[in-house]
There are 2 protein chains.
Amino acid sequence: MRFTYECCDCGNVFETGEVIYQCPTCAKLNDGTSFPKGNLIVKLNKEDLKTLAQKEHVTMYDFFPYEVPTPSAYPVGGTPLAEPVRLAKKYGIKNLSCKLDSTLPSGSFKDRASQLIVGQALAHGENRIALASTGNAGAAMSCAGAAYGLEIILFVPASAPINKLMQSVLYGATVVPVKGTYDDAFALSIAYTERFGGINRNTAYNPMTIEGKKSISIELFEQMGRKVPDVVYVPVGDGCIYAGVFKGFYDLKEAGLIEKMPHIICVQSKQSNAISKAWKTGDFSCIEAATTRADSISVESPANGRMAVRYINECEGWATEVDDSEILDAQLELTREAGIFVEPAAACAWAGVVKDSKMLIEKFGKDVSVCTLLTGTGFKDMAVFTGRVSIPEAIENSKEAVIKRFEK
Amino acid sequence: MRFTYECCDCGNVFETGEVIYQCPTCAKLNDGTSFPKGNLIVKLNKEDLKTLAQKEHVTMYDFFPYEVPTPSAYPVGGTPLAEPVRLAKKYGIKNLSCKLDSTLPSGSFKDRASQLIVGQALAHGENRIALASTGNAGAAMSCAGAAYGLEIILFVPASAPINKLMQSVLYGATVVPVKGTYDDAFALSIAYTERFGGINRNTAYNPMTIEGKKSISIELFEQMGRKVPDVVYVPVGDGCIYAGVFKGFYDLKEAGLIEKMPHIICVQSKQSNAISKAWKTGDFSCIEAATTRADSISVESPANGRMAVRYINECEGWATEVDDSEILDAQLELTREAGIFVEPAAACAWAGVVKDSKMLIEKFGKDVSVCTLLTGTGFKDMAVFTGRVSIPEAIENSKEAVIKRFEK
């Protein structure tokens, strides 16, 4: 599908023969104190889009600006739409669903972005991809690299959860832990591609990361029988997933396949609320210190914050903030009362639904359809359970021990 | 769908008003020295089966003896069929696929059995399910229990991998670690249900575990465009997964949907080769000590060994044995060269394909279609990487450090 780029901030349009990352005019203004400017939006050709309205079914690949070769080599998409019946009853939301992107190949939503980046790299004859990541994007890109035989150079803060780091090493990526923050790793990955070449896959910096993530919305549309939910809850750190979810629904609307966008809700931890704060106050300055335990959404300078705030307004969404304790409770609630095992960042979205549940019914009625986007498997960070959950003591190997344990 | 039970060993037929587990006549002969007798095979009503041949598409639920209420509450099935393009090229098997059951809700194939057990329990008015497990079956049943609000009582050897134990605790099961082996936990779980009631879900002991596992074959049939592979590789411990895979294809054949069964290959570790040995020699005595690192398939007295051996012959399959070192190499090869991250037991199946690859092409030609069943995610046992894979040292946070690291 043909496309151009449009700067999210100044609206300038760019043609697409070469790989470009940001609007040079706006990016020049970035000084690290407020949300970065200059991110590009992929604008699909309107004529091409309109042809999709005739199709009986659409897939994510119909909406991608690059072709993905042999998608089954790295099978992204087709994740279950779970109906957590017990939670639906508990909170009185009859039409409640959870999109289990925790079941994607590398265990997180980030596989959606990495899939399109493979298409971008191969279309431009590149077989080397560099990126910075707090863990999940790195594991996803490394997984894709293993599937297609691409070289992945991954800069990560040395403090990232061990399972996430280990995964990327296992996939065969060149992993470079950095004695610094995610922002530091981000800068070093750009230094790498500027000096040594290759595609840079940094989230939001490369517009194809947002474009890949939109696939979830197209999938939801088909999975729900060519309808979309009334409200979608998204866990938010740098705003890139939020923008991806928005973009998928936006393209469906542009294609004439849906009439109305869902309300997309930005859920953040109070300990990492840069985008929520900006949406509420109009103040786009970075926050001092993001300290949430949900490492995947712990962000001081949200790389895609400006676009996310704009999109919250455009789809008549809102921002909901939750405490870290609510996130950890939500994680256990999903596991114990729905059999859904996700990492804290994913549970943040569910904590938002819990917090808003009464208001949702008041605002939209009891038939409101609510979808919660669950972005990463619980296995990604087992250390979070230390001190919260423990394994019971062993019993002796005898029938008497069993009777003693259970006799009332 | 209507059904009866047939004893695998004596052929006696049993009606199905009540929950029954084993043929009482044959089970009485079991003394613990040779593979247990008396397992029951679910025989679907032939008339009911024949009606399925008229359907444009079939699902696992068409073939189940019990109804599963609200399947989306615990979304089992629909796992990706990956095409590992690099490995296909490396081993010269053009039509190579991997069934990623590692992406099921609790991270293993065992979800397939637990789903049908939920249907069985609810049909018989039971809300309590007890079982023994080395880890994966327990996590799967606990996951299902959380989704449906059922009480799960789980007996596990205290030595099971920590992530597997932790998962069951997180799902809210009553976890009872036992100072003993899996066989000890098996006996105690039966002592529990005999005394306190509830459904016993022990693998193979409850025939519905095999019946649930057959769903993978029905899914494969539809996923491959109403065809089945020529050869299917299955990792084997107690023989229950093998029997489930066989049973799914068998029912498809009985329904008139396929003409020929695939060759189903039983892959075992040399350090846990009870079924392979029995198939090769006719000696059904238990092995002394199963010592494979692939904990999910480490079995001395295979609970479903007799049925598995019979089925290997019926589908013209065979047994392939691999070293533990080949299993661990296969695990890394899948991760690094296909982006597929699985636990050692699952990698055992791939090690079998690697070992047989030349023979497969000689025997069936270069167009042979080979499917590898990958049964559990790599996250289930991260300790297996200790000493094999390590995370590189961190670099300083500077552009110079990046240049020094990559300049040739």
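Analysis parameters
- Residues numbered from 1 in each chain as written.
- Chains lettered and ligands numbered in written order.
- Predicted model: local features only at pLDDT ≥ 70, side-chain atom pairs only at ≥ 80, totals over all residues.
- Heavy atoms only, no water.
- Helix = DSSP H or I, 4+ residues; strand = E, 2+ residues; numbered from the N terminus.
- Rg over C-alpha atoms; globule rule 2.2 N^0.38 Å.
- Buried < 20%, exposed > 50% of the residue type's maximum accessible area, 1.4 Å probe, protein only.
- Contact = heavy atoms within 4.5 Å.
- Salt bridge = Lys/Arg side-chain N within 4 Å of Asp/Glu carboxyl O.
- Domains from an automatic or database assignment.
- Buried area = accessible area lost by both parts, 1.4 Å probe.
- Polar contact = N/O pair within 3.5 Å; in protein donor to acceptor, adjacent residues only side chain to side chain.
- Nonpolar A, V, L, I, M, F, W, Y, C, P; charged D, E, K, R; others polar.
- Pairing = 2+ DSSP bridges.
- Right-handed = clockwise from strand over helix to strand, strands pointing away.
- Axes fitted to C-alpha atoms, helices over the stretch in contact; angles between N-to-C directions.
- Parallel < 35°, antiparallel > 145°, perpendicular 65-115°, else oblique.
- Left-handed = near helix turned anticlockwise from the far one by under 90°.
- Least-squares fit on C-alpha atoms with pLDDT ≥ 70 in both.
- Expected span 1.5 Å × (residues − 1).
- UniProt positions renumbered as here; feature names shortened; annotations may be inferred.
- Phe/Tyr/Trp six-rings, centres within 6.5 Å; stacked < 30°, edge-to-face > 60°.
- Lys NZ or Arg CZ within 6 Å of the ring centre and 35° of its normal.

Moving on, we get to the overall build of chain A. When helices and strands are counted, chain A shows 15 helices and 13 strands. Against the 2.2 N^0.38 benchmark of 22 Å for 408 residues, chain A shows a C-alpha radius of gyration of 21 Å, consistent with a compact globule. Burial status across chain A gives 65% buried among its 408 residues. The long-range fraction of contacts in chain A, counting pairs at least 24 apart against all pairs at least 6 apart in sequence, stands at 73%.

Residue and element names in this part refer to chain A. With the rule as written, the count across this model stands at 52 salt bridges over all chains. Ionic pairing is found between K247 and E211, a salt bridge with its closest N-O pair at 3.1 Å. Pair noted here: K247 is in helix α10 (residues 240-254) and E211 is in helix α8 (residues 207-213), with a separation of 36 residues, a long-range link. Given a relative accessible area of 1%, E211 falls into the buried group. Connected through salt bridges with shared partners, the residues K99, D101, R112 and E219 form a single ionic network.

One can find S369 of chain B in strand β13 (residues 369-374). In this view, S369 of chain B contacts N95, M224, P229, D230 and V231 of chain B; residues no more than four positions away in its chain are not counted.

What follows concerns the domain arrangement of chain A. Residue and element names in this part refer to chain A. For chain A, the assigned domains are domain 1 (77-107 + 207-385) and domain 2 (127-197). The C-alpha centroid of domain 2 is placed 25 Å from the C-alpha centroid of domain 1. Facing the 9 residues of domain 1 at the interface are 11 residues of domain 2. Of the roughly 890 Å² buried between domain 1 and domain 2 on both sides combined, carbon and sulfur atoms contribute 41%. Of all residues in domain 1, S106, D295 and K380 give up the largest surface area on contact with domain 2, accounting jointly for 53% of the area buried on that side. Our count for the domain 1 to domain 2 interface comes out at 2 salt bridges. The shortest N-O distance in the salt bridge between K164 and E343 comes to 3.0 Å. On the surface where domain 1 and domain 2 come into contact, there are 9 residue pairs in polar contact (both at pLDDT 80 or more). Across the side of domain 1 that touches domain 2, the residue classes break down as 3 nonpolar, 3 polar and 3 charged.

Turning our eyes to something else, we now look at the interface of chain B and chain A. In this assembly, 73 residues from chain B lie in contact with 73 residues from chain A. Summing both sides of the interface, chain B and chain A together bury roughly 6,300 Å²; the carbon and sulfur share of this comes to 70%. At the surface where chain B touches chain A, the tally comes to 4 salt bridges. Ranked by residue count, the leading element in the side of chain B that touches chain A is helix α6 (residues 162-170) of chain B, at 7 residues. Classifying every residue of the side of chain B that touches chain A by side-chain character gives 43 nonpolar, 17 polar and 13 charged.

A few words on the pairing of strand β10 (residues 231-235) of chain B. Residue and element names in this part refer to chain B. Burial runs high along β10: 5 of the 5 residues are buried. Neither face of β10 is open: one carries V231, Y233 and P235, the other V232 and V234, and all of them are buried. Bridge count between β10 and strand β11 (residues 263-269): 5 bridges; the pairing is parallel. Looking at β11, one finds that V232 is bridged to I264. The parallel pair β10 and β11, bridged by helix α10 (residues 240-254), forms a crossover whose chirality is right-handed. Note that β10 and β13 share 3 bridges and pair parallel. The residue bridging V232 from the neighbouring strand is C371, located in β13.

A word on the sheet that holds strand β1 (residues 3-7) of chain B. Residue and element names in this part refer to chain B. As summarised here, the arrangement of the 3 strands in space is β2-β1-β3, forming an open sheet in which the pairing is antiparallel. Looking at the sheet topology across the chains shown, the edges are occupied by β2 (13-14) and β3 (40-44). Where β1 and β2 come together, 2 bridges link them in antiparallel fashion. Bridge pairing links Y5 to F14 in β2.

With that settled, consider the packing of helix α15 (residues 399-406) of chain A against helix α7 (residues 182-196) of chain B. For the pair α15 of chain A and α7 of chain B, the least separation of the axes is 9 Å and the interaxial angle reads 50°. As far as their axial angle goes, α7 of chain B and α15 of chain A are oblique. You can see that α15 of chain A and α7 of chain B cross each other, and the crossing is right-handed. Along its contact with α15 of chain A, which presents K399, V402, I403 and F406 of chain A, the element α7 of chain B presents L188, A191, Y192, R195 and F196 of chain B.

Overlaying chain B on chain A yields an RMSD of 0.0 Å, the required transformation being a rotation through 180° with an accompanying axial translation of 0.0 Å. Given the turn and translation reported, the copies of this chain are related as if by a two-fold rotation axis. Relative to the rotation axis, the C-alpha of T103 of chain B is the closest in chain B, positioned 2.6 Å from it. A symmetric contact is evident, with 100% of the interface residues of chain B recurring at the interface of chain A.

With that settled, the discussion passes to α7 of chain B. An ideal rise of 1.5 Å per residue puts 21 Å on 15 residues; α7 of chain B measures up with 21 Å between its terminal C-alpha atoms. Residues of α7 of chain B that are buried in the fold lie against α15 of chain A together with β6 (128-132), β7 (151-157), β8 (174-178) and β9 (199-200) of chain B. Between a side-chain oxygen at the N-terminus of α7 of chain B and the backbone nitrogen of D183 of chain B the separation is 3.2 Å; the capping residue is T181 of chain B. Just past α7 of chain B, the residue G197 of chain B takes up positive phi, approximately 80°.

Next up on the list: the UniProt feature "domain: Tryptophan synthase beta chain-like PALP" (unreviewed entry) in chain A. Using the residue numbers shown here, the UniProt feature "domain: Tryptophan synthase beta chain-like PALP" (unreviewed entry) corresponds to residues 75-376 of chain A. Across residues 75-376 of chain A one finds 47% helix and 17% strand; the C-alpha atoms that close the span lie 16 Å apart.

Counting through the fold element by element, V389 of chain B comes out in the loop between β13 and α15 (399-406). On the basis of relative accessible area, V389 of chain B is assigned to the buried category, the value being 8%. C-alpha of V389 of chain B to C-alpha of L332 of chain B: the two residues are 57 residues apart in sequence and 9.7 Å apart in space. Those residues in contact with V389 of chain B that lie beyond four places of it in its chain are M166, V169 and L170 of chain A together with L332 and R336 of chain B.

The next point concerns the pairing of strand β1 (residues 3-7) of chain A. Residue and element names in this part refer to chain A. Burial analysis of β1 places 4 of its 5 residues in the buried class, the great majority of the element. Where β1 and strand β3 (residues 40-44) come together, 5 bridges link them in antiparallel fashion. Within β3, the residue paired with C7 across the bridge is L40. Counting the residues that bridge the hairpin from β1 to strand β2 (residues 13-14) gives 5 residues, and of these G11 lies at a positive phi of roughly 80°.

This part is about helix α11 (residues 274-281) of chain A. All names here are of chain A. All buried positions along α11 are accounted for by A274, I275, S276, K277 and A278. On its buried face, α11 is in contact with β11 (263-269), α12 (305-314) and β12 (318-322). A positive phi of about 80° marks G282, the residue just after α11.

In this structure the tally under the stated criterion is 39 aromatic pairs over all chains. Between Y192 of chain A and F196 of chain A, the aromatic rings sit 5.1 Å apart at their centres with planes inclined by 40°, giving tilted as the arrangement. With a gap of 4 residues between them, Y192 of chain A and F196 of chain A both fall in helix α7 (residues 182-196), about one helical turn apart. Each member of the pair Y192 of chain A and F196 of chain A is classed as buried. Judged by centre distance (6.1 Å) and plane angle (80°), the rings of F186 of chain B and Y205 of chain B are edge-to-face. Linking F186 of chain B in helix α7 with Y205 of chain B in the loop between β9 and α8 (207-213), this pair joins segments that are 19 residues apart in sequence. One exposure class covers both F186 of chain B and Y205 of chain B, and it is buried. One aromatic cluster is present, built from ring pairs that chain together Y171, F341, F379 and F385 of chain A together with Y171, F341, F379 and F385 of chain B. R405 of chain B extends its terminal NZ or CZ atom over the ring of F406 of chain B, reaching a point 4.6 Å from the ring centre.

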